[in-house]
Amino acid sequence: MTAPQQAVTVLGLGQMGSALAAALLDRGHPTTVWNRTPGKAGPLAERGARAAATPREAIAASPLVIACVLDHEALHTVVDPAADTLRGRTLVNLTSGSPEQAREAAAWAASREADYLDGAIMTTPPGVGDPAMMVLYSGAEKVFETHRPALAALGDPLHLGADPGLASLYDAALLGLMWSTMTGWLHGTALVGAEGTPAAAFTPVALRWLTAVAGFLTRYAPQVDEGRYPGDDATVDVQIAAVDHLLHAAAARGVDNALPGLLKAVMEKASAAGHGQDSYAALIEVLRPASRT
Ligand code: NAP
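Colleague: In this structure, what is going on with the sheet that holds strand β8 (residues 156-159)? I would like to understand it.
Modeller: Strands belonging to one sheet form pairs held by backbone hydrogen bonds; the direction of such a pair is parallel or antiparallel. Read from one edge to the other, the open sheet built from eight strands follows the order β3-β2-β1-β4-β5-β6-β7-β8, with strand pairing classed as mixed. Where the open sheet ends on each side, the last strands, each with one partner, are β3 (50-51) and β8. As paired elements, strand β2 (residues 31-34) and β3 share two bridges and run parallel to each other. Residue pairing for β3: T32 is matched across the bridge by R50. Against the sheet, helix α6 (residues 141-151) engages β1 (8-11), β4 (64-67), β5 (90-93), β6 (115-121), β7 (134-139) and β8, with an angle of about 175° to β8.

Colleague: Help me understand the packing of aromatic side chains, please; the structure alone is not making it clear to me.
Modeller: The geometry of an aromatic ring pair is captured by two quantities: the separation of the ring centres and the angle between the planes. For the structure on display, the rule yields two aromatic pairs. Judged by centre distance (5.8 Å) and plane angle (75°), the ring pair of W209 and F216 falls under edge-to-face.

Colleague: Looking at this structure, I do not really get the pairing of β6. What am I missing?
Modeller: Successive residues of a regular strand alternate their side chains across the two faces of the sheet. Within β6, six of the seven residues are buried, leaving the element largely enclosed by the surrounding structure. Summarising the sheet, β5 and β6 pair through four bridges and their orientation is parallel. Within the sheet, the bridge partner assigned to T90 lies in β6 and is D115. Read as a crossover between parallel neighbours, the route from β5 over helix α5 (residues 99-111) to β6 is right-handed.

Colleague: Mind showing me how you'd approach helix α4 (residues 72-79) here?
Modeller: An α-helical segment advances 3.6 residues per turn. Residues three or four places apart therefore align on the same side. Burial in α4 covers these residues: H72, L75, H76, V78 and V79. One face of α4 carries all of its buried residues, which in axial projection span an arc of 160°. Exposed residues pointing more than 90 degrees away from the buried face of α4 are listed as E73 and T77.

Colleague: Honestly, the packing of helix α9 (residues 236-252) against helix α10 (residues 258-275) in this entry has me stumped. Any pointers?
Modeller: When two helices pack together, their arrangement is given by the angle between their axes and by how far apart the axes lie. Packing of α9 against α10 leaves a shortest axis separation of 10 Å and a crossing angle of 160°. Taken together, the axis directions place α9 and α10 in an arrangement best described as roughly antiparallel. For the pair α9 and α10, the crossing hand works out as left-handed. Residues V236, D237, Q239, I240, V243, D244, L246 and L247 of α9 form the contact with α10, whose participating residues are P260, G261, K264, M267, E268, S271 and H275. Split into classes, the residues belonging to the contact of α9 with α10 amount to seven nonpolar, four polar and four charged.

Colleague: Where do I start with the site of the ligand in this structure?
Modeller: By nearness alone, 20 residues border the ligand, and M16, N35, T37, K40 and S96 come closest of all. L13 places a polar main-chain atom, nitrogen or oxygen, 3.3 Å from an oxygen atom of the ligand. Here an oxygen atom of the ligand sits 2.9 Å away from a polar atom, N or O, in the main chain of L70. Of all the secondary-structure elements, those providing two or more residues to the shell around the ligand are α1 (15-26) and α4.

Colleague: Sorry, what's going on with the nonpolar core here?
Modeller: The nonpolar side chains of a soluble globular protein tend to be buried with one another. Counting 31 residues, the largest nonpolar core has L20, I66, L94 and L154 as the members making the most contacts within it. Of all elements in the fold, only β1, α1, β4, β6, β7 and α6 reach the threshold of two or more residues within this core. Counting residues per element, this core draws most heavily on α1, at eight residues. Among all residues touching L154, those that are not within four sequence positions of it are L20, A23, L24, I66, L94, V128, G129, V135 and Y137. Of all hydrophobic cores here, the second largest spans 21 residues; its members include L11, W34, A83 and A114.

Colleague: Hey, could you run me through the packing of helix α7 (residues 166-193) against helix α8 (residues 199-226) in this one?
Modeller: Running from amino to carboxyl end, α7 crosses α8 at an angle of 135°, the nearest separation of the two axes being 10 Å. With respect to their mutual orientation, α7 and α8 come out oblique. Seen from above, α7 lies across α8 with right-handed handedness. Packed against α7, whose contacting residues are T181, W185, G188, T189 and V192, the element α8 presents A199, F202, T203, A206 and L210 at the interface. Here the contact of α7 with α8 is composed, by residue class, of six nonpolar, four polar and no charged.

Colleague: Help me understand the environment of V266 in this model?
Modeller: With respect to the helices and strands, V266 occurs in helix α10. Taking the C-alpha atoms as reference points, V266 and I284, 18 residues apart in sequence, are found 9.7 Å from one another. When residues no more than four places from it in sequence are discounted, the contact partners of V266 are L283, V286 and L287.

Colleague: Sorry, what's going on with the side chain of R288 here?
Modeller: Inspection of the secondary structure puts R288 in the segment after α11 (284-287). Reaching out from R288, the side chain makes a polar contact with the side chain of E285 at a distance of 3.4 Å.

So, how was this worked out
- Residues numbered from 1 in each chain as written.
- Predicted model: local features only at pLDDT ≥ 70, side-chain atom pairs only at ≥ 80, totals over all residues.
- Heavy atoms only, no water.
- Pairing = 2+ DSSP bridges.
- Helix = DSSP H or I, 4+ residues; strand = E, 2+ residues; numbered from the N terminus.
- Contact = heavy atoms within 4.5 Å.
- Axes fitted to C-alpha atoms, helices over the stretch in contact; angles between N-to-C directions.
- Phe/Tyr/Trp six-rings, centres within 6.5 Å; stacked < 30°, edge-to-face > 60°.
- Buried < 20%, exposed > 50% of the residue type's maximum accessible area, 1.4 Å probe, protein only.
- Right-handed = clockwise from strand over helix to strand, strands pointing away.
- Arc of directions from axis to C-beta.
- Parallel < 35°, antiparallel > 145°, perpendicular 65-115°, else oblique.
- Left-handed = near helix turned anticlockwise from the far one by under 90°.
- Nonpolar A, V, L, I, M, F, W, Y, C, P; charged D, E, K, R; others polar.
- Near = heavy atom within 4 Å.
- Polar contact = N/O pair within 3.5 Å; in protein donor to acceptor, adjacent residues only side chain to side chain.
- Core = buried A, V, L, I, M, F, W, Y, C linked by side-chain atoms within 4.5 Å.

The following block contains the structure:
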C-alpha cells in the first residue's frame, strides 16, 4: 500500500501554472486549479484536475496552495480576498518577484496564520517535472520538509534557507549569469559566423569550453571568499591584453562590441585599483558594494 498523494491547489494557469498543475497530475496528486480566465482550466480538467470557480474554493480544497501568476500585485489580487481560507495552510509562491516582495508576502501570510515558502523555478514550462531542473525555495525549513515530496513533482527542490527572500535573490543572480553566458555565446557565434561557421558547429566547442569555465569558477570561489586573488594562473593584465584581440577581431568583422567593451572596462577598473597582477576573481572588488571592499 502506498500513501495517497498530497492534495495540491494551483492558482494561476498561465504557461507556467499550467505546467505545474500538469506535473502534479502526472505524479498522481489530487489537483485543484483556478485561473482568472476560466477557459485555461479546460485541458487540465480533462486530465483529472478539479476546476474551482473562485480562489477561495480552490484554496479550501488543499493544505498546499501553489500560486504562479504574473507578479506580486496579481498575487495579492488573487489571495487577499480569500486570506481567511489560507489559515492553517501553506502558500508556496512561485510568482517571480524581488527579495523584498517575498519577505513582505511572508509577513502577510504569517499575519493570516498561514505558512509561506517563496520559490523560483529555474527552467521554462517544458522543463517542469524534470528532476534535473532546480526549483529554489526559501522559508522555514520545517515547512519545506513537510511539503518536499509534493514539491518534488515540479523539479528538484532546493531549500536555500529560512529567509524568504533568498529564492528571489538567487533567481536574480542566476538569471544575470544566464544572460551574460547566452549573450557571450551569441557574440562568439556572430564572430565565427562572420567567416562562415554555423552556430551548430561552433556550439559543441563552446560547450566544452564552458566545462573548463565551470572549473575556473570552482577555483576562484574560495579566493572571493578569502579576499585573496593569487595571479598564479592568468592575471587581470593578461586578460586585458586578450580581450583586445577579441575587440579587434569582432570590430574587423562588423560584430557589435558592446559586451566585450563592457568586460574590458571592468577589467581596467580592477587593474587601476591595483589588481593587475591578481587573478580574474579580483574583479569582485570593483563589482560589490564599496562597504565590502
Ligand atoms: P503567463 O503565461 O503570462 O501567465 C500569467 C498568469 O498570471 C495567468 O494565469 C494570468 O491569468 C495571471 N494573471 C495576470 N494578472 C493577473 C491578475 N491581475 N489577477 C489574476 N491573475 C492574473 O506567464 P507565465 O509564463 O505563466 O509566468 C507566471 C510566473 O512564473 C511569472 O511570475 C514568471 O516570471 C514566472 N516564471 C515563468 C517562467 C517561464 O519560463 N514562463 C520561468 C520561471 C518563472 P489570465 O490567464 O486570466 O490572464
